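So the chains spell out like this:
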Amino acid sequence: MKILTFTTLFPNAAQPNHGVFVENRLRHLLASGQVEARVVAPVPWFPLKNARFGRYATFARVPAREVRHGIDVLHPRFPQLPKIGMTLAPFLLAMAMRPVVTKIIREGYDFDLIDAHYFYPDGIAAVLLGRYFNKPVVVTARGTDISVIPNFSAPRKLIQWAASRAAGMITVCQALKNAMLELGVDGNRIVPLRNGVDLDLFQPIDRSARRAELGLNQFTLLSVGQLVEHKGHGMIIEALPSLPDCRLLIAGTGPDRDGMEMLARRLGVHDRVSFLGAVPHAQLRQYYGAADAMVLASSREGWANVLLESMACGTPVIASNVWGTPEVVSSPDAGVLMSERSPQGIADAVQTLRTRYPANAATRRYAEGFSWDETTRGQIHMFEQILGAGSR
């Protein structure tokens, strides 16, 4: 079967870690040999590449077309109106993509189904395109598209509209399906298919040697993600005064870095906090493998891939008890869930983990239960059912 993957969440040469979980799922789907795919990964239009324009300049540096892991990926531009264009976004995106999809079909790739990721605005636009081109659409809900965006009236109504017209829907955890049911979406067309982990890329390393290279001689915590408030890096920094023999490594970039550095200095823990900056996805293994625990203090997560990546490297995790996270951290071999999301809750969870620290090999074995195979089979089964029903 031929699919068209449609999403603004897809890596590119300028943003190699952007939506890498979407790319990974697609790569494993293609490896089955039962699916052919092209990718349309739209990028907001911006004319200038100068770094002083921040993330908008990054959009300008994204190539119009590239091949990633043998997958043909288009990055057509679409108009985005900052701050005021939330309600219009799905319609602007769909209108801009009509000629792009028309050209793909005319060039000979007449796909069977649109595989869309992230409900707003991507999923809405995909359903609009599906109706225009008479193609069934499957939308995957991934996190804030269901946990946050429906708090706004107009987007909520559009999500409900698209959900009623999608041929099928996937959620990356049961918690997101439950939230969609609360929105009044038909649960018979929703299938939870969790993300997996690349067990070949993320695997144990020589822990002692890597710790020596990095000069780590304390109990070391690792936090991975964008440096923004809801990821909770600052909260972990605030826990450090209660953890005097721990140090913290933070991997990621974002607007809150200066504030986090100031916070560390104000609390007198700056000598125990290291900001690693942007770490390529494949190189994260070197830090997962060197740390004693990976801490995820997010206020919201659909399915946090960093948890499984850490566990696949044999490193247990400490995580806030939100959304799909309890579905990931469901055994003492995996790590510990915080009793509360606060600096003290983090400190208490660290102490709990240290008193019953699992064997690194046991943590790895736990992660091995989360390969991509089950997810791939679930996608193929859903697509075949939808296309079979359509032909009948």
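Values in this document were obtained by computation on a predicted structure and should not be read as measured data.

Conventions and cut-offs
- Residues numbered from 1 in each chain as written.
- Predicted model: local features only at pLDDT ≥ 70, side-chain atom pairs only at ≥ 80, totals over all residues.
- Heavy atoms only, no water.
- Helix = DSSP H or I, 4+ residues; strand = E, 2+ residues; numbered from the N terminus.
- Rg over C-alpha atoms; globule rule 2.2 N^0.38 Å.
- Buried < 20%, exposed > 50% of the residue type's maximum accessible area, 1.4 Å probe, protein only.
- Contact = heavy atoms within 4.5 Å.
- Pairing = 2+ DSSP bridges.
- Axes fitted to C-alpha atoms, helices over the stretch in contact; angles between N-to-C directions.
- UniProt positions renumbered as here; feature names shortened; annotations may be inferred.
- Salt bridge = Lys/Arg side-chain N within 4 Å of Asp/Glu carboxyl O.
- Core = buried A, V, L, I, M, F, W, Y, C linked by side-chain atoms within 4.5 Å.
- Domains from an automatic or database assignment.
- Right-handed = clockwise from strand over helix to strand, strands pointing away.
- Parallel < 35°, antiparallel > 145°, perpendicular 65-115°, else oblique.
- Left-handed = near helix turned anticlockwise from the far one by under 90°.
- Buried area = accessible area lost by both parts, 1.4 Å probe.
- Polar contact = N/O pair within 3.5 Å; in protein donor to acceptor, adjacent residues only side chain to side chain.
- Nonpolar A, V, L, I, M, F, W, Y, C, P; charged D, E, K, R; others polar.

Caption draft 1: Looking closely at the overall build of the protein chain. Scanning the protein chain from N- to C-terminus turns up 16 helices and 16 strands. By the compact-globule yardstick of 21 Å for 392 residues, the protein chain fits well, its C-alpha radius of gyration being 21 Å. In terms of principal-axis extent, the alpha carbons of the protein chain reach across some 60 × 45 × 40 Å. With 392 residues in all, the protein chain has 56% of them scored as buried. For the protein chain, contacts bridging at least 24 residues in sequence account for 71% of all contacts bridging at least 6.

Caption draft 2: Layout of the sheet that holds strand S16 (residues 335-337). Strands sit in the order S13-S12-S11-S14-S15-S16 across an open sheet of six strands; the sheet is parallel. Of all the strands in the sheet, just strand S13 (273-277) and S16 have a single pairing partner and so form its edges. Adjacent strand axes in the sheet meet at a mean angle of 20 degrees, parallel and antiparallel pairs treated alike. For strand S11 (residues 219-224) and strand S12 (residues 246-251), the ladder comprises six bridges, and the chain directions are parallel. Looking at the pairing, leucine 221 lines up with leucine 248 of S12. With respect to the sheet, helix H12 (residues 305-312) is in contact with S11, strand S14 (293-296) and strand S15 (317-319), its orientation differing from that of S14 by roughly 175 degrees.

Caption draft 3: Looking closely at the UniProt feature "domain: Glycosyl transferase family" (unreviewed entry) in the protein chain. Here, the residues flagged by UniProt with the feature "domain: Glycosyl transferase family" (unreviewed entry) are residues 215-367. Secondary structure content for residues 215-367 is 36% helix and 18% strand, while the C-alpha to C-alpha distance between its ends is 27 Å.

Caption draft 4: Summary view of helix H4 (residues 119-133). Counting buried residues along H4, 12 of its 15 residues qualify, which places the element largely inside the surrounding structure. Within H4, the full set of buried residues consists of Phe119, Tyr120, Pro121, Asp122, Gly123, Ile124, Ala125, Ala126, Val127, Leu129, Gly130 and Phe133.

Caption draft 5: Seen up close, the pattern of salt bridges. In total, this model carries 13 salt bridges according to the counting rule given. Measuring nitrogen to oxygen at the nearest pair gives 3.6 Å for the salt bridge that ties arginine 189 to aspartate 186. With its nearest N and O atoms 2.7 Å apart, the salt bridge here joins glutamate 301 to lysine 231. Of the two residues, glutamate 301 sits in the loop between S14 and H12 while lysine 231 sits in the loop between S11 and helix H9 (233-239), which places them 70 residues apart along the sequence.

Caption draft 6: Here's a closer look at the sheet that holds strand S2 (residues 36-40). The mixed open sheet is built from eight strands, whose spatial order is S4-S5-S2-S1-S7-S8-S9-S10. Edge strands, defined here as strands with exactly one partner in the open sheet, are strand S4 (65-68) and strand S10 (190-192). Here the average twist between neighbouring strands, direction ignored, is 25 degrees. As paired strands, S2 and strand S5 (residues 71-74) are joined by two bridges and run parallel to one another. Within S5, the residue paired with valine 40 across the bridge is leucine 74.

Caption draft 7: Molecular detail of the nonpolar core. With 97 residues, the main nonpolar core has Phe6, Met97, Phe119, Tyr288, Leu307 and Met311 as its most contacted residues. In terms of residues, this core owes the most to one element, H4, which gives eight residues. Split by domain, this core shows at least three residues from each of two domains, domain 1 (2-196 + 371-390) and domain 2 (207-369). The next biggest cluster of nonpolar side chains, apart from the first, holds 29 residues, and it includes Met235, Ala264, Val295 and Ala297.

Caption draft 8: Local environment of the environment of glutamine 379. Following the sequence through the fold, glutamine 379 ends up in helix H16 (residues 373-391). Taking the C-alpha atoms as reference points, glutamine 379 and leucine 263, separated by 116 residues in sequence, lie 45 Å from one another. Setting aside its immediate chain neighbours within four residues, glutamine 379 contacts Arg25, Leu29, Ile170 and Leu193.

Caption draft 9: Region of the structure containing the pairing of strand S9 (residues 168-171). Of the two faces of S9, the one carrying Gly168 and Ile170 and the one carrying Met169 and Thr171 are both buried. Of the strand pairs in this sheet, strand S8 (residues 137-141) and S9 are connected by four bridges, and their pairing is parallel. Residue pairing in the sheet places threonine 140 in a bridge with isoleucine 170 of S9. As paired strands, S9 and S10 are joined by three bridges and run parallel to one another. Following the sheet pairing, isoleucine 170 is matched in S10 by valine 191. With respect to chirality, the unit in which S9 leads through helix H7 (residues 174-182) into the neighbouring parallel S10 is right-handed.

Caption draft 10: Quick look at the UniProt feature "domain: Glycosyltransferase subfamily 4-like N-terminal" (unreviewed entry) in the protein chain. UniProt records the feature "domain: Glycosyltransferase subfamily 4-like N-terminal" (unreviewed entry) for residues 90-200 in the present numbering. With 52% helix and 15% strand, residues 90-200 has end C-alpha atoms that lie 37 Å from one another.

Caption draft 11: Geometry of the packing of helix H3 (residues 89-106) against H4. Contact geometry of H3 with H4 gives a least axis separation of 8 Å together with a crossing angle of 50 degrees. For the element pair H3 / H4, the angle class is oblique. Regarding H3 and H4, the two cross each other, and that crossing is right-handed. Together, Ala89, Pro90, Phe91, Leu93, Ala94, Met97, Arg98, Val101, Thr102 and Ile105 of H3 and Tyr120, Pro121, Asp122, Ile124, Ala125, Leu128, Leu129, Tyr132 and Phe133 of H4 make up the contact between the two elements.

Caption draft 12: Geometry of the domain arrangement of the protein chain. What the domain assignment lists for the protein chain is domain 1 (2-196 + 371-390) and domain 2 (207-369). The distance between the C-alpha centroids of domain 1 and domain 2 comes to 29 Å. Contact with domain 1, which involves 19 residues of that partner, is made by 14 residues of domain 2. Buried surface at the junction of domain 1 and domain 2, both sides included, amounts to about 1,200 Å², of which 60% is carbon and sulfur. Linking domain 1 with domain 2 are zero salt bridges. Inspection of the region where domain 1 meets domain 2 yields seven residue pairs in polar contact (both at pLDDT 80 or more). Among the residues making up the side of domain 1 that touches domain 2, the classes are represented as eight nonpolar, nine polar and two charged.

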